[in-house]
Amino acid sequence: MEPLPNSRTESDGSAVVRVLSYNIRSMRDDTDALARVIAACAPDLVLLQEAPRFFRWRKKLTRLAAASGLVLLSGGGTAAGPALLCSLRATVERTQDVLLPLTPGQHRRGFATAVVRIGGARLGVLSCHLSLRADERYEQAGLLLDRLAGLGVTHAVAGGDLNERPGGRTFRRLGDGLRDCWTAAPWGGEYTFSQDAPDRRIDAVFVTEGVEVLGCGVPVGLPGVAEDDLRAATDHLPVLTALRVPASAS
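Everything quoted here is computed from the prediction, not taken from an experiment.

K.L.:
Requested: an account of the layout of surface pockets, with residues and values cited.
P.N.:
Think of a ball as big as a water molecule: rolled over the atoms, this probe shows where empty space is left. Taken as a whole, the largest pocket encloses approximately 300 Å³ of empty space. What lines the largest pocket is a set of 17 residues, among which S26, E50, R53, A80 and H107 lie closest to the centre. For the lining of the largest pocket, a count of residues per class yields seven nonpolar, five polar and five charged.

In C-alpha coordinates, the structure reads:
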(Lines give C-alpha, C1' and ligand atoms only; values in the text may rest on other atoms or scores of the structure.)
Protein backbone atom coordinates (compact mmCIF):
# COMPACT_ATOMS: atom_id res chain seq x y z
CA MET A 1 0.00 0.00 0.00
CA GLU A 2 1.35 3.40 -0.99
CA PRO A 3 1.87 5.71 1.98
CA LEU A 4 -0.77 8.39 2.51
CA PRO A 5 0.71 11.90 2.30
CA ASN A 6 1.59 13.50 5.61
CA SER A 7 0.13 16.82 6.72
CA ARG A 8 2.09 19.81 5.51
CA THR A 9 1.78 23.37 4.27
CA GLU A 10 2.99 24.00 0.73
CA SER A 11 5.03 27.01 -0.36
CA ASP A 12 1.96 28.50 -2.10
CA GLY A 13 -0.05 28.39 1.14
CA SER A 14 -2.13 25.34 0.19
CA ALA A 15 -2.43 22.69 2.89
CA VAL A 16 -2.27 18.91 2.84
CA VAL A 17 -4.82 17.92 5.47
CA ARG A 18 -5.58 14.53 6.97
CA VAL A 19 -9.25 13.96 7.84
CA LEU A 20 -10.52 10.95 9.80
CA SER A 21 -14.21 9.98 9.97
CA TYR A 22 -15.14 7.45 12.68
CA ASN A 23 -18.30 6.10 14.31
CA ILE A 24 -17.21 5.45 17.91
CA ARG A 25 -20.40 3.85 19.32
CA SER A 26 -20.64 6.23 22.29
CA MET A 27 -17.21 5.07 23.48
CA ARG A 28 -18.75 1.89 24.88
CA ASP A 29 -15.87 -0.27 23.71
CA ASP A 30 -12.09 -0.17 24.30
CA THR A 31 -11.35 3.56 24.56
CA ASP A 32 -7.60 2.99 24.80
CA ALA A 33 -7.67 1.12 21.50
CA LEU A 34 -9.83 3.88 20.03
CA ALA A 35 -7.34 6.56 21.04
CA ARG A 36 -4.43 4.54 19.63
CA VAL A 37 -6.16 4.18 16.25
CA ILE A 38 -6.96 7.88 16.05
CA ALA A 39 -3.44 8.93 17.08
CA ALA A 40 -1.78 6.54 14.61
CA CYS A 41 -3.77 8.08 11.75
CA ALA A 42 -2.21 11.48 12.61
CA PRO A 43 -5.30 13.48 11.59
CA ASP A 44 -5.67 17.24 11.50
CA LEU A 45 -9.45 16.88 11.72
CA VAL A 46 -11.58 14.07 13.15
CA LEU A 47 -15.26 13.72 12.25
CA LEU A 48 -16.89 11.57 14.92
CA GLN A 49 -20.31 9.93 14.96
CA GLU A 50 -22.11 8.43 17.96
CA ALA A 51 -19.99 10.51 20.30
CA PRO A 52 -21.20 10.43 23.92
CA ARG A 53 -24.37 12.53 24.33
CA PHE A 54 -25.44 12.10 27.92
CA PHE A 55 -23.84 12.01 31.39
CA ARG A 56 -20.43 13.78 31.35
CA TRP A 57 -20.28 13.57 27.57
CA ARG A 58 -18.02 16.61 27.23
CA LYS A 59 -15.50 15.22 29.70
CA LYS A 60 -15.41 11.89 27.86
CA LEU A 61 -14.80 13.57 24.52
CA THR A 62 -12.15 15.87 25.98
CA ARG A 63 -10.30 12.86 27.42
CA LEU A 64 -10.47 11.02 24.10
CA ALA A 65 -9.11 14.06 22.31
CA ALA A 66 -6.26 14.45 24.78
CA ALA A 67 -5.38 10.76 24.59
CA SER A 68 -5.25 11.10 20.79
CA GLY A 69 -3.09 14.24 20.84
CA LEU A 70 -6.01 16.45 19.77
CA VAL A 71 -8.53 18.92 21.19
CA LEU A 72 -12.32 18.98 21.16
CA LEU A 73 -13.60 21.37 18.49
CA SER A 74 -17.39 21.05 18.59
CA GLY A 75 -20.37 18.71 18.78
CA GLY A 76 -21.25 15.81 21.01
CA GLY A 77 -24.41 16.18 23.07
CA THR A 78 -25.22 19.55 21.52
CA ALA A 79 -25.25 18.01 18.01
CA ALA A 80 -27.02 14.76 19.01
CA GLY A 81 -23.91 12.65 18.43
CA PRO A 82 -21.66 14.04 15.68
CA ALA A 83 -18.51 15.78 16.97
CA LEU A 84 -15.30 17.31 15.68
CA LEU A 85 -11.76 17.05 17.04
CA CYS A 86 -8.75 18.88 15.64
CA SER A 87 -5.01 19.18 15.98
CA LEU A 88 -3.32 22.39 17.09
CA ARG A 89 -2.48 22.93 13.43
CA ALA A 90 -6.04 24.18 12.91
CA THR A 91 -7.03 27.75 13.71
CA VAL A 92 -10.74 27.82 14.48
CA GLU A 93 -12.84 30.62 13.00
CA ARG A 94 -16.22 29.45 14.23
CA THR A 95 -18.28 26.40 15.15
CA GLN A 96 -21.99 25.60 15.07
CA ASP A 97 -23.90 22.56 16.26
CA VAL A 98 -27.14 21.94 14.37
CA LEU A 99 -30.12 19.83 15.46
CA LEU A 100 -32.19 18.42 12.60
CA PRO A 101 -36.00 18.09 12.57
CA LEU A 102 -37.11 15.21 14.76
CA THR A 103 -39.26 12.47 13.25
CA PRO A 104 -41.50 10.91 15.95
CA GLY A 105 -40.18 7.52 16.98
CA GLN A 106 -36.71 8.16 15.51
CA HIS A 107 -33.44 9.24 17.08
CA ARG A 108 -32.60 12.93 17.09
CA ARG A 109 -29.95 13.71 14.47
CA GLY A 110 -27.64 16.68 14.00
CA PHE A 111 -24.53 18.11 12.39
CA ALA A 112 -21.31 19.30 14.01
CA THR A 113 -19.82 22.05 11.84
CA ALA A 114 -16.85 24.39 11.87
CA VAL A 115 -14.77 26.68 9.70
CA VAL A 116 -11.02 26.37 10.24
CA ARG A 117 -7.80 27.67 8.75
CA ILE A 118 -4.84 25.36 8.19
CA GLY A 119 -1.79 26.94 6.63
CA GLY A 120 -3.14 29.35 4.04
CA ALA A 121 -6.25 27.26 3.45
CA ARG A 122 -9.75 27.93 4.77
CA LEU A 123 -11.98 24.88 5.12
CA GLY A 124 -15.55 24.18 6.13
CA VAL A 125 -16.04 20.93 8.09
CA LEU A 126 -19.17 18.87 8.82
CA SER A 127 -19.73 15.58 10.64
CA CYS A 128 -23.02 13.71 10.20
CA HIS A 129 -24.83 10.51 11.14
CA LEU A 130 -27.84 10.05 8.89
CA SER A 131 -31.11 8.31 9.70
CA LEU A 132 -31.85 4.60 9.46
CA ARG A 133 -35.07 5.53 7.63
CA ALA A 134 -34.60 5.98 3.88
CA ASP A 135 -36.99 8.91 3.45
CA GLU A 136 -35.61 10.83 6.42
CA ARG A 137 -32.05 10.05 5.37
CA TYR A 138 -32.67 11.49 1.92
CA GLU A 139 -34.06 14.72 3.37
CA GLN A 140 -31.10 14.99 5.75
CA ALA A 141 -28.72 14.76 2.78
CA GLY A 142 -30.41 17.84 1.32
CA LEU A 143 -30.05 19.65 4.64
CA LEU A 144 -26.36 18.68 4.69
CA LEU A 145 -25.77 20.19 1.26
CA ASP A 146 -27.63 23.35 2.29
CA ARG A 147 -25.61 23.61 5.50
CA LEU A 148 -22.29 23.26 3.67
CA ALA A 149 -23.33 25.94 1.19
CA GLY A 150 -24.30 28.18 4.09
CA LEU A 151 -20.85 28.01 5.68
CA GLY A 152 -19.70 30.71 3.29
CA VAL A 153 -16.45 28.98 2.27
CA THR A 154 -15.13 27.90 -1.11
CA HIS A 155 -13.78 24.56 0.12
CA ALA A 156 -15.39 22.08 2.50
CA VAL A 157 -15.24 18.48 3.69
CA ALA A 158 -18.15 16.46 5.06
CA GLY A 159 -18.15 12.93 6.34
CA GLY A 160 -19.85 10.43 8.52
CA ASP A 161 -22.02 7.36 8.88
CA LEU A 162 -24.54 7.50 6.04
CA ASN A 163 -26.35 4.27 6.98
CA GLU A 164 -26.45 3.55 3.25
CA ARG A 165 -24.26 1.92 0.64
CA PRO A 166 -22.99 3.58 -2.55
CA GLY A 167 -25.71 3.50 -5.19
CA GLY A 168 -28.42 4.31 -2.70
CA ARG A 169 -30.60 7.35 -3.29
CA THR A 170 -29.08 9.39 -0.45
CA PHE A 171 -25.51 8.45 -1.37
CA ARG A 172 -26.21 9.53 -4.95
CA ARG A 173 -27.71 12.83 -3.79
CA LEU A 174 -24.55 13.67 -1.86
CA GLY A 175 -22.39 12.54 -4.77
CA ASP A 176 -24.26 14.81 -7.16
CA GLY A 177 -23.31 17.88 -5.12
CA LEU A 178 -19.96 16.71 -3.73
CA ARG A 179 -17.10 14.36 -4.61
CA ASP A 180 -16.91 10.96 -2.90
CA CYS A 181 -13.29 10.71 -1.77
CA TRP A 182 -13.05 6.92 -1.98
CA THR A 183 -14.19 6.96 -5.60
CA ALA A 184 -11.82 9.84 -6.41
CA ALA A 185 -8.67 8.27 -4.93
CA PRO A 186 -9.11 4.81 -3.35
CA TRP A 187 -6.46 3.87 -0.82
CA GLY A 188 -6.40 1.24 1.93
CA GLY A 189 -9.57 -0.73 2.59
CA GLU A 190 -13.03 -0.01 1.19
CA TYR A 191 -15.56 -1.57 3.57
CA THR A 192 -16.32 0.12 6.90
CA PHE A 193 -18.92 -2.10 8.61
CA SER A 194 -18.77 -4.18 10.65
CA GLN A 195 -15.29 -4.09 12.10
CA ASP A 196 -14.89 -7.86 12.52
CA ALA A 197 -16.09 -8.88 9.03
CA PRO A 198 -16.56 -5.74 6.94
CA ASP A 199 -18.72 -6.24 3.86
CA ARG A 200 -20.20 -2.80 3.10
CA ARG A 201 -19.20 0.84 2.78
CA ILE A 202 -21.67 2.94 4.76
CA ASP A 203 -19.18 5.54 6.05
CA ALA A 204 -17.77 8.10 3.64
CA VAL A 205 -16.00 11.43 3.22
CA PHE A 206 -17.02 14.00 0.60
CA VAL A 207 -15.42 17.25 -0.57
CA THR A 208 -16.41 20.24 -2.64
CA GLU A 209 -14.92 20.97 -6.04
CA GLY A 210 -11.42 22.39 -5.96
CA VAL A 211 -10.22 20.15 -3.12
CA GLU A 212 -7.77 17.55 -4.39
CA VAL A 213 -8.21 14.06 -2.96
CA LEU A 214 -4.82 12.40 -2.44
CA GLY A 215 -6.12 9.15 -0.96
CA CYS A 216 -9.09 7.81 1.01
CA GLY A 217 -9.98 4.54 2.70
CA VAL A 218 -9.85 2.38 5.79
CA PRO A 219 -6.31 2.60 7.23
CA VAL A 220 -5.72 -1.16 7.25
CA GLY A 221 -1.97 -1.77 7.29
CA LEU A 222 -1.11 1.80 8.22
CA PRO A 223 1.90 1.77 10.57
CA GLY A 224 0.72 1.98 14.16
CA VAL A 225 -2.86 0.90 13.37
CA ALA A 226 -3.16 -2.59 14.84
CA GLU A 227 -5.87 -4.96 13.61
CA ASP A 228 -6.67 -5.87 17.20
CA ASP A 229 -7.23 -2.21 18.01
CA LEU A 230 -9.52 -1.76 15.00
CA ARG A 231 -11.64 -4.67 16.17
CA ALA A 232 -11.70 -3.56 19.80
CA ALA A 233 -12.27 0.19 19.38
CA THR A 234 -15.85 0.24 18.02
CA ASP A 235 -18.16 -1.56 15.58
CA HIS A 236 -17.19 0.57 12.54
CA LEU A 237 -13.88 0.99 10.78
CA PRO A 238 -12.52 4.51 10.29
CA VAL A 239 -12.12 6.34 6.98
CA LEU A 240 -8.86 8.27 6.60
CA THR A 241 -8.53 10.85 3.82
CA ALA A 242 -5.66 13.06 2.69
CA LEU A 243 -6.67 16.27 0.92
CA ARG A 244 -4.88 19.17 -0.67
CA VAL A 245 -6.83 22.34 0.02
CA PRO A 246 -5.92 25.44 -2.02
CA ALA A 247 -4.89 28.60 -0.25
CA SER A 248 -7.74 30.98 0.38
CA ALA A 249 -7.79 34.48 -1.04
CA SER A 250 -9.32 35.83 2.18
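K.L.:
Please give an account of helix α1 (residues 31–40) that cites residues and values.
P.N.:
Turning to α1, its buried residues number three or more, namely A33, L34, A35, V37 and I38. Two or three places before D32, at the start of α1, stands the capping residue D30, its side-chain oxygen 3.1 Å from that residue's backbone nitrogen. After α1 finishes, the residue A42 shows a positive phi value of roughly 50°.

K.L.:
Could you give an account of the sheet that holds strand β11 (residues 203–207), with specific residues and numbers?
P.N.:
The mixed open sheet is built from six strands, whose spatial order is β6-β7-β8-β9-β11-β10. Since the sheet does not close on itself, it has two edges, and those belong to β6 (91–99) and β10 (179–180), each with one partner. Of the strands in this sheet, β6, β7 (110–118), β8 (121–129) and β9 (156–161) are in contact with helix α3 (residues 134–149), which crosses β7 at around 25°.

K.L.:
How would you summarise the state of the cysteines if you had to cite specific residues and measurements?
P.N.:
Under the definition given, this model contains zero disulfides. Cysteine C128 is unpaired, with the sulfur of C181 as its nearest cysteine sulfur at 13 Å.

K.L.:
Could you give an account of the side chain of R201, naming the residues involved and the relevant values?
P.N.:
Along the chain, R201 falls in the loop between α5 (181–184) and β11. Within the local environment of R201, its side chain forms a polar contact with the side chain of D180, the two groups lying 2.8 Å apart. If near-sequence neighbours (up to four positions away) are discounted, R201 is found in contact with E164, R165, P166, F171, D180, W182, T183, E190, Y191 and T192.

K.L.:
Please set out the packing of aromatic side chains residue by residue, giving values where relevant.
P.N.:
Any two aromatic rings considered together are summarised by their centre-to-centre distance and by the angle between their planes. On inspection of all chains with the given rule, the structure shows one aromatic pair. The ring of Y138 carries R173 above its face, with NZ or CZ at 4.3 Å from the centroid.

K.L.:
Let's hear about the pairing of β11: which residues, and what values?
P.N.:
Burial within β11 is extensive, with five of its five residues counted as buried. Here β11 shows two buried faces, one formed by D203, V205 and V207 and the other by A204 and F206. In this structure, β9 lies alongside β11, joined through five bridges in antiparallel fashion. Looking across to β11, one finds that D161 is bridged to D203.

K.L.:
I'd like a description of the side chain of D44, backed by residues and values.
P.N.:
Its place among the elements puts D44 in the loop between α1 and β3 (45–49). The exposure class of D44 is buried, given its relative accessible area of 4%. Of the polar contacts made by the side chain of D44, one reaches the side chain of S7; its length is 2.6 Å. Among all residues touching D44, those that are not within four sequence positions of it are S7, V16, V17, R18, L85, C86, S87, R89 and I118.

K.L.:
Explain the pattern of salt bridges to me, and be specific about the residues and the numbers.
P.N.:
A complete count under the given rule lists 16 salt bridges for this structure. One salt bridge in this structure joins E93 and R94, with 4.0 Å as the shortest N-O distance. Where R231 meets E227, a salt bridge forms, and the shortest distance between an N and an O atom there is 3.7 Å. Placement of both R231 and E227 in helix α6 (residues 227–233) is noted, with a separation of four residues, approximately one turn of the helix. Bridged by salt links that share partners, the residues R8, E10, E212 and R244 form one connected network.

K.L.:
Break down the nonpolar core for me, with residues and values.
P.N.:
Counting 30 residues, the largest nonpolar core has Y22, I24, L34, I38, L48 and L64 as the members making the most contacts within it. The set of elements that each furnish at least two residues to this core consists of β2 (15–23), α1, β3, α2 (57–67), β5 (83–86), α6 and β13 (239–245). Considering each element in turn, this core owes the most residues, five residues, to α1. Once you skip the residues sitting within four places of it in the chain, Y22 turns out to touch L34, V37, I38, L47, L48, Q49, L230, A233, T234, H236, L237 and P238. Counting 29 residues, the second-largest nonpolar core is a separate cluster that includes C86, I118, V207 and C216.

How each quantity is defined
- Residues numbered from 1 in each chain as written.
- Predicted model: local features only at pLDDT ≥ 70, side-chain atom pairs only at ≥ 80, totals over all residues.
- Heavy atoms only, no water.
- 1 Å grid on protein atoms, 1.4 Å probe; cavity = no way out; pocket = protein on both sides within 12 Å on 5 of 7 lines; lining within 4 Å.
- Points joined across faces, edges and corners; volume = space filled by probe spheres on them.
- Nonpolar A, V, L, I, M, F, W, Y, C, P; charged D, E, K, R; others polar.
- Buried < 20%, exposed > 50% of the residue type's maximum accessible area, 1.4 Å probe, protein only.
- Helix = DSSP H or I, 4+ residues; strand = E, 2+ residues; numbered from the N terminus.
- Polar contact = N/O pair within 3.5 Å; in protein donor to acceptor, adjacent residues only side chain to side chain.
- Pairing = 2+ DSSP bridges.
- Contact = heavy atoms within 4.5 Å.
- Axes fitted to C-alpha atoms, helices over the stretch in contact; angles between N-to-C directions.
- Disulfide = S-S within 2.5 Å.
- Phe/Tyr/Trp six-rings, centres within 6.5 Å; stacked < 30°, edge-to-face > 60°.
- Lys NZ or Arg CZ within 6 Å of the ring centre and 35° of its normal.
- Salt bridge = Lys/Arg side-chain N within 4 Å of Asp/Glu carboxyl O.
- Core = buried A, V, L, I, M, F, W, Y, C linked by side-chain atoms within 4.5 Å.

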